[in-house]
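Reading the structure
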Amino acid sequence: MSFLETNIIRDDQTYDYSSEFQWFFNQLLEVKSGDEFPYEKDTFKKLQELIQQCDKLASELEQLPFHKQYSRNVIGEKDSWNALLSRWEPNVASSVHGHPALAFYYVLEGEFEMDFYKKVSATEVKFSHTKHLKKGDCVWSQGKQGEYDNMIHCVRSLKSSYSLHLFEGDPQKGEVFKIA
Ligand SMILES: [Fe+2]
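Quick look at the structure, then. All residue numbers refer to position in the chain's written sequence, counted from 1. Owing to the predicted nature of the model, reporting of local features is limited to residues with pLDDT of at least 70; listing and counting of side-chain atom pairs is limited to 80 or more, with chain, interface and lining totals taken over all residues.

Let us now look at the pairing of strand S3 (residues 81–88). Residues in a regular strand point their side chains to alternate faces of the sheet. Put plainly, a residue is buried at 20 or more neighbouring C-beta atoms within 10 Å of its own, exposed at 12 or fewer, and partly exposed in between, counting only other residues' C-beta atoms, which are placed from the backbone. Counting from the N terminus, the helices are DSSP H or I runs at least four residues long and the strands are E runs at least two residues long. Counting buried residues along S3, seven of its eight residues qualify, which places the element largely inside the surrounding structure. When DSSP locates at least two bridges between a pair of strands, those strands are taken to pair. Pairing analysis gives eight bridges linking strand S2 (residues 70–78) to S3, with the strands arranged antiparallel. Looking at S3, one finds that Arg-72 is bridged to Ser-86. The hairpin turn running from S2 into S3, its antiparallel successor, is two residues long, and Asp-79 in that turn takes a positive phi close to 50°.

So this is what it looks like as structure tokens:
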């Protein structure tokens, strides 16, 4: 039986932490001011630096609520922008899913493996490659606006981990796929 079948997240919970983290969400949005989609590579570098240098953010991670396998904490929603802080138990995996046009992931603590896939039909994908991500690493993708099959991937936590996610578009609309 594959890892996906045995460990896929089945018990998750969403919390609203937007008032507690508004100060940080505003800083994230400030980084891209003056730039427009598709954003310059430099904008993502600045996002990475901002998060790396934010000691206050690191100190507040432990206070996030913890719900079994996966906790999703909304830290900001404005216009089409959404930001989340996620807390993962060790050895759990997301579904194989897509994203809105802009998706940015940053590893705050812990370690992940990300499997990337290519779409082969409306509902099916084929494996492309794996990326190993550690604390301080980030990935981003800029795809097709108005569609939710961008950056199709599966995320696995290798240990207890935290990740920060920034999206332009509604992450809840991300499409879920089967492996062909
Ligand atoms: Fe994702």
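This part is about the nonpolar core. In summary, soluble globular proteins display a tendency toward joint burial of nonpolar side chains. Among the nonpolar cores identified, the biggest contains 39 residues, and Leu-28, Ile-75 and Phe-104 are the most heavily contacted of them. For this core, the element with the most residues is strand S5 (residues 102–109), which contributes six residues. If sequence neighbours within four positions are ignored, Leu-28 has contacts with Leu-47, Ala-83 and Leu-166. We call a set of buried Ala, Val, Leu, Ile, Met, Phe, Trp, Tyr and Cys residues a nonpolar core when their C-beta atoms link them within 7 Å. By definition, residue pairs are in contact when their C-beta atoms, positioned from the backbone, come within 7 Å.

Once that is clear, we can look at the pairing of S2. Examined bridge by bridge, strand S1 (residues 12–16) and S2 share five bridges and lie parallel to one another. Bridge pairing in S2 links Tyr-15 to Asn-73.

Looking now at the sheet that holds strand S9 (residues 150–157). With mixed pairing, the five strands of this open sheet are ordered in space as S4-S9-S6-S7-S11. Of all the strands in the sheet, the pair left with one neighbour each is strand S4 (97–99) and strand S11 (178–179). Bridge count between strand S7 (residues 124–134) and S11: two bridges; the pairing is parallel. Counted as the bridge partner of Glu-124 is Lys-178 from S11.

Listed in full, the buried residues belonging to helix H2 (residues 22–31) are Phe-24, Phe-25, Leu-28 and Val-31. Down the axis of H2, the sector holding all buried residues measures 115°, keeping them to one side. Exposed side of H2, more than 90 degrees from the buried face: Asn-26 and Glu-30 are the residues found there. Elements that come into contact with the buried residues of H2 comprise helix H3 (41–52), helix H4 (55–60), S2, S3 and strand S10 (161–168). An arc is given here, and it is the one of the directions from the helix axis to the C-beta atoms.

Quick look at the sheet that holds S1 now. Strand order in the open sheet formed by six strands is S1-S2-S3-S10-S5-S8, with mixed pairing between adjacent strands. Sheet topology places S1 and strand S8 (138–142) at the edges, where each strand pairs with a single neighbour. Within this sheet the neighbouring strands show an average axis-to-axis angle of 20°, counted without direction. As paired elements, S5 and S8 share five bridges and run antiparallel to each other. Bridge pairing links Tyr-106 to Cys-138 in S8. Those strands touched by H2 are S2, S3 and S10, and its axis lies near 65° from that of S2. Note on geometry: axes are lines fitted to C-alpha atoms, helical ones only across the stretch in contact, with angles between N-to-C directions running from 0 to 180 degrees.

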